[in-house]
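# Descriptive structure summary
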Amino acid sequence: MMRKLSILLVVLLVASLVLTACGTKATDTTDTTKETQSVAVDTSKDYSKEKLVIWSFTDELQTAGDIDYFKEMYTAPGKPFEGLEVEFVAVSIQDGYMDKILPALESGNGPDVFTGELDQVKQFVEAGYYGDLEAMMQNDPDVDLDAEKADYAQYIWQSGIDPATGHLAALSWQVTPGAIFFKTDMAAEVWGSEAGFPAIGTPDYNAAVSTWVSANKFNTIENLTKAQQEVKAANPKWRLFPDDQAVRFFAAGTNQPAKWIDENGKLNPAKIKEQIPFINMVKSMYGDTIDTSLTANAAEWSGPWYDAMDKDLTDAEGNTWQVMAYTMPTWGLKYIIEPNMERVDAQGNTLVKPAEDADQATKDAYNAAPFKGNWGMAVGPNSYYWGGTYVGINSESKLPEAAFGFAKTMLFDKERLAARQAADSDMYSVETVMAPVIANYGGRESLGGMNHLKVFNEEAAKIDLSNVTIYDRGLNDLLGVHITNYKLGADGYNSVADTLKAFYADVQVTYPEIYVDGLPTE
């Protein structure tokens, strides 16, 4: 099922939601003539002859017990959908989740419930594949819409809104704000005398170092650039970041960014000026070799990128380099950085990481050893988020009542969410779930006892989607092409002015309706 082309074209542009703290507020423009899916039990159905199909790009719904919990609450004997068959299909993004689910949805044979990351959710919403989750909430006497909206992190709620209706279409139980994770021992060598850090091993050492670095080195784009230069100057074999992708979340440099489009519907000069410090930073970071670069030239997700989390990376000439910091969200700490952190023995000596071909017992013993605890958690020039698993209901589901029942267990069952959070220690979107956890949290061993949940919660509260326009994705991507050309020294890209002029020329062709003469070039 597809919406009319006119709606699709407008909404397609709304996919411009960027990973920094900016966005659009939804207004209630619901088409009251649209039929709303029922969430009441259909007494005319024999649910034992029906099947609810759930798709996800991760097997988490199964491994975390969500499918079994839904069956226990809704399909077991005496429950509302007694005898209902539940089919769960997990297809990873790498295995072509979108390539498989989009044709199924287009043909009308899609799953009743399906998940997506935010960019995927935007595609589902654009095509009209997600139903009106908010209307279902309103029609369910067991769900207090206003209370749930107040309980959820604001940006999570905002990001799931269908701009064509102003109503919620998808929602995530996760909140995924980001931070800059860094090695405190390296930071102490670079800035310790300047900062007067307490002695290593003192209570809250990592927190103290993190607070200082956040306030003095990572707080502006200009200081972030200087910090990279200072790290390299302190040790020619050290770099602050693995590559310049680590700073892409800080293009705005502020939690109150200007809009790409001004009040006249034209390209906003204030937004252009806001981007110039970022353009200069990216240019200053690049070198065609690690020697000439401010980064380790280790591309995100590459082998060297991972290697440097543990201890160091080795280049093609056999030289070793060390990286201090990684820009990662909530899940990045647990699933990416921690598995690659250094570990120590009972005497505090750093252990040698087992080789890939080591026996399993050796690997298990290493993984059971304590973390070295030499990582901190700082924040950058602006708050940002990255990722998250959103749940939505097929707008053409023949079992909307059962589909909404599953959504309720994932999104509004606070006891279940609390139990789930206790099991996975993840950051959740729901304040009533997270508040007691944060207040009673004993600290993260890998971060030297820091309460990383408190930091993430504070960052999530700063993220605001009220400044996104329908052109953001296209304009960010377009400018990114020209920044890369400038960074690499492509012909005709000798300055920021050259970069912006080339960008404007592309805007004039791609989005002529927003182009205006006289835009800044410096």
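See the structure above.
## Notes on the packing of aromatic side chains
- If you walk through the whole model with that rule in mind, you get 27 aromatic pairs.
- Relative to Tyr 326, the ring of Trp 305 has its centre 5.5 Å away and its plane inclined at 75°; by these criteria the two rings are edge-to-face. Of this pair, Trp 305 sits in helix α13 (residues 303-310) while Tyr 326 is found in strand β11 (residues 325-329), placing the two residues 21 residues apart along the sequence. For the pair shown, Trp 305 and Tyr 326 are each scored as buried.
- Through a chain of ring-to-ring contacts, the aromatic side chains of Phe 249, Phe 250, Trp 301, Trp 305, Tyr 306, Tyr 326, Trp 331, Trp 375, Tyr 384 and Trp 386 assemble into a single cluster.
- Sitting over the ring of Trp 321, Lys 237 keeps its end group 4.1 Å from the ring centre.
- Over the aromatic face of Tyr 69 sits the side chain of Arg 416, whose NZ or CZ is 5.0 Å from the ring centroid.

## Some words on the sheet that holds strand β7 (residues 178-183)
- Read from one edge to the other, the open sheet built from 3 strands follows the order β11-β7-β12, with strand pairing classed as antiparallel. Edge strands, defined here as strands with exactly one partner in the open sheet, are β11 and β12 (375-378). Direction aside, neighbouring strands of the sheet carry axes that sit 30° apart on average.
- Sheet topology note: the β7/β11 ladder contains 5 bridges and is antiparallel. Along β11, the bridge assignment pairs Phe 181 with Tyr 326.
- The strands touched by α13 are β7, β11 and β12; relative to β11, the strand with the most contacts, the crossing angle is about 105°.
- Contacts between helix α14 (residues 330-337) and the sheet are confined to β7, β11 and β12, with β11 contributing the most and set at about 120° to the helix.

## With respect to the packing of helix α12 (residues 269-285) against helix α21 (residues 496-510)
- The geometry of α12 relative to α21 is characterised by a closest axis approach of 11 Å and an angle of 125° between their N-to-C directions. When the interaxial angle is binned, α12 and α21 end up oblique. The crossing of α12 and α21 is right-handed. The segment α12 lies against α21, with Ile 272, Ile 276, Ile 279 and Asn 280 engaging Val 496, Leu 500, Phe 503 and Tyr 504.
- Classifying every residue of the contact of α12 with α21 by side-chain character gives 7 nonpolar, 1 polar and no charged.

Criteria and thresholds
Residues numbered from 1 in each chain as written. Predicted model: local features only at pLDDT ≥ 70, side-chain atom pairs only at ≥ 80, totals over all residues. Heavy atoms only, no water. Phe/Tyr/Trp six-rings, centres within 6.5 Å; stacked < 30°, edge-to-face > 60°. Helix = DSSP H or I, 4+ residues; strand = E, 2+ residues; numbered from the N terminus. Buried < 20%, exposed > 50% of the residue type's maximum accessible area, 1.4 Å probe, protein only. Lys NZ or Arg CZ within 6 Å of the ring centre and 35° of its normal. Pairing = 2+ DSSP bridges. Axes fitted to C-alpha atoms, helices over the stretch in contact; angles between N-to-C directions. Contact = heavy atoms within 4.5 Å. Parallel < 35°, antiparallel > 145°, perpendicular 65-115°, else oblique. Left-handed = near helix turned anticlockwise from the far one by under 90°. Nonpolar A, V, L, I, M, F, W, Y, C, P; charged D, E, K, R; others polar.

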